[in-house]
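What the coordinates show
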Amino acid sequence: MPRAATAVNVDENGETAMRAGRIVLLVVGSLCALMAVPLLIGGVALGAALATQRDSHGYFTSGDEQFQSRTAAVTTESLDLGSPGPDEWWAKRELATVRLRVRATDGAPVFVGIARTADVEQYLTRVPHDEITDVNLDPFSATYRRHNPAGTARPAPPAGRHIWSTQASGRGTRTLTWSLQPGHWTIVVMNASGAPKVAADVDVGVKVKYLVPIMIGLLVAGFVLLIIAVGLILGGVLSSGGSAGPAPPGGAAPMAVPGGVPAVLEPVGASPLRLEGRLDPELSRGLWLVKWFLAIPHFIVLFFLWIAFAVLTFVAFFAILFTGRYPRSIFDFNVGVMRWSWRVSFYATGALGTDQYPPFSLAADDGPTTFEVAYPEHLSRGLVLVKSWLLAIPHLVVVGILTGGAFAARDRAGAGFGLLSVLVLIAGVTLLFTRRYPRGLFDLIIGVNRWIHRVLIYVALMTDEYPPFRLDQGPEEPVASAPVPVPSAPVTGD
């Protein structure tokens, strides 16, 4: 079946070529986008936290949790805040303030203080006390390490000691605030009398200066890098030269019909995607075991190309929103990225259907795979707001099962292993032992890939046509039995 024409860069020999300048622009732009995304996410997350997580005094506050011990004191592990000297610059600016609120559960007078670790150790010498070594928040639990378990000494009331950098004591809720300072520090909670059996509800709050300027800096840096990334990537894409005219619906090639009116073979259901893969008649038994390794250079290039794809889809979103059109140069580039990925997948990971090493090219070729998407002359400006996330949810669930994404979301410790991976593994094992690729299995694998990519072009805003819930199996895209006439020129009305 002939292929639709595709806009490509052509050198003097008529072969597809990605110029070095384009590659540099795409790679540098992708790296800028890769740096911009975490900055933007960090800025947005920090802004949301500043707006929703602080109390009226500007503190980020933990929940009210109970700490208890049968000994005379509960202490924290030593807090290492650096050495006095060069580290003091941040202390003079009071970058962060800690607030502790403590209330004895039995209503007795309670004490909370912060002192240097060496002074606390001297104060509690031979006194049994529990040090907090770990805290779990959901559900809350604290792990303690007991010091001086055989000791019998009872400490003097803590409030009278002169070791505390700051302290608070008395009945009810006692509040202590402290600006961070260099040194090794320990927080101590006790009964005000120094008696054993400490039980207190504690919450911890932290207030950090300059968070608003940091948030603004992250957002500005992220937006600047994103603008640079968009410019570089667009430069790499638009430098490819002019593009061909719109591809016919379904990506099929025109054919002659009586009367001189061109026609096309419309895919069943008028799918804008044409995805095909032709199985090699003779496949190596064991080459599939190392194809993933041989394809590593492709994976590296595709890593940057898919970053560019994401950035350009973001640009296309606004173009569609305001103009109702998908910029043709961006469309051709993004189709090329998906075409390249399909070649590599067909070779190494998603089908194992050929031993022919895929070319490093965005353009169509005469290899065993075909990937074409019909260019839409107009797209809905309203639909673009919801189709990628809301309308696509049913298909995304199916694709998650097919690719393993649903299982990866459930088990975050490892990657998903979906139906497609299982089918490809079965095909590989069968090929290894029988040197034969079951044709029915191959047709099913192509059908699964076809479903996945139909959803992909919909989510990537390349069509308004909702993907069918249909597994069209077989190496070739299903087509209607009769040509459908297409006017050679647009029809205009008064």
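Relevant structure appears above.
The text that follows walks through the structure, step by step, so that each part is easy to find. (Residues numbered from 1 in each chain as written. Predicted model: local features only at pLDDT ≥ 70, side-chain atom pairs only at ≥ 80, totals over all residues. Heavy atoms only, no water.)

1. Quick look at the overall build of the protein
The number of helices and strands found in the protein is twelve helices and 16 strands. By the burial criterion, 42% of the 494 residues in the protein qualify as buried. Within the protein, counting contacts between residues at least 6 apart in sequence, those at least 24 apart form 79% of the total. When the accessible surface of the protein is summed, it comes to about 24,600 Å², and 63% of that surface belongs to carbon and sulfur atoms. (Helix = DSSP H or I, 4+ residues; strand = E, 2+ residues; numbered from the N terminus. Buried < 20%, exposed > 50% of the residue type's maximum accessible area, 1.4 Å probe, protein only. Contact = heavy atoms within 4.5 Å. Areas by Shrake-Rupley, 256 points an atom, 1.4 Å probe, with all protein chains shown as cover.)

2. So, the packing of aromatic side chains
Applying the stated criterion to the full structure yields 20 aromatic pairs. Among the aromatic residues, ring-to-ring pairing joins Trp 340, Tyr 347, Tyr 357 and Phe 360 into one connected group. In this structure, Arg 99 is placed above the aromatic ring of Tyr 59, and the distance from its NZ or CZ to the ring centre is 4.3 Å. Positioned above the aromatic ring of Tyr 375, the side-chain terminus of Arg 328 is 4.5 Å from the ring centre. (Phe/Tyr/Trp six-rings, centres within 6.5 Å; stacked < 30°, edge-to-face > 60°. Lys NZ or Arg CZ within 6 Å of the ring centre and 35° of its normal.)

3. Here we look at a nonpolar patch on the surface
Together, Leu 289, Val 290, Trp 292, Phe 293, Leu 294, Ile 296, Phe 299, Ile 300, Tyr 357 and Phe 360 make up an exposed nonpolar region whose accessible area comes to about 900 Å². Secondary structure elements with two or more residues in the nonpolar patch: α5 (291–294) and α6 (296–323). Checked against the element boundaries, Trp 292 lands in helix α5. (Patch = residues over 30% accessible without salt bridge, like charges linked within 9 Å, V, L, I, M, F, W, Y side chains within 5 Å. Salt bridge = Lys/Arg side-chain N within 4 Å of Asp/Glu carboxyl O.)

4. Thoughts on the pairing of strand β14 (residues 273–277)
For β14, the buried fraction is high: five of the five residues fall into the buried class. The two faces of β14 match: Leu 273, Leu 275 and Gly 277 on one face and Arg 274 and Glu 276 on the other face are all buried. Examined bridge by bridge, β14 and strand β15 (residues 369–373) share five bridges and lie antiparallel to one another. Its bridge partner being in β15, Leu 275 is matched across the sheet by Phe 371. (Pairing = 2+ DSSP bridges.)

5. Things to note about helix α9 (residues 393–403)
Among all positions of α9, only His 395, Val 399, Gly 400 and Leu 402 are buried. The buried side chains of α9 occupy one side of the element, clustering within an arc of 165° when seen end-on. Positive backbone phi, approximately 95°, marks Gly 404, located one or two places after α9. (Arc of directions from axis to C-beta.)

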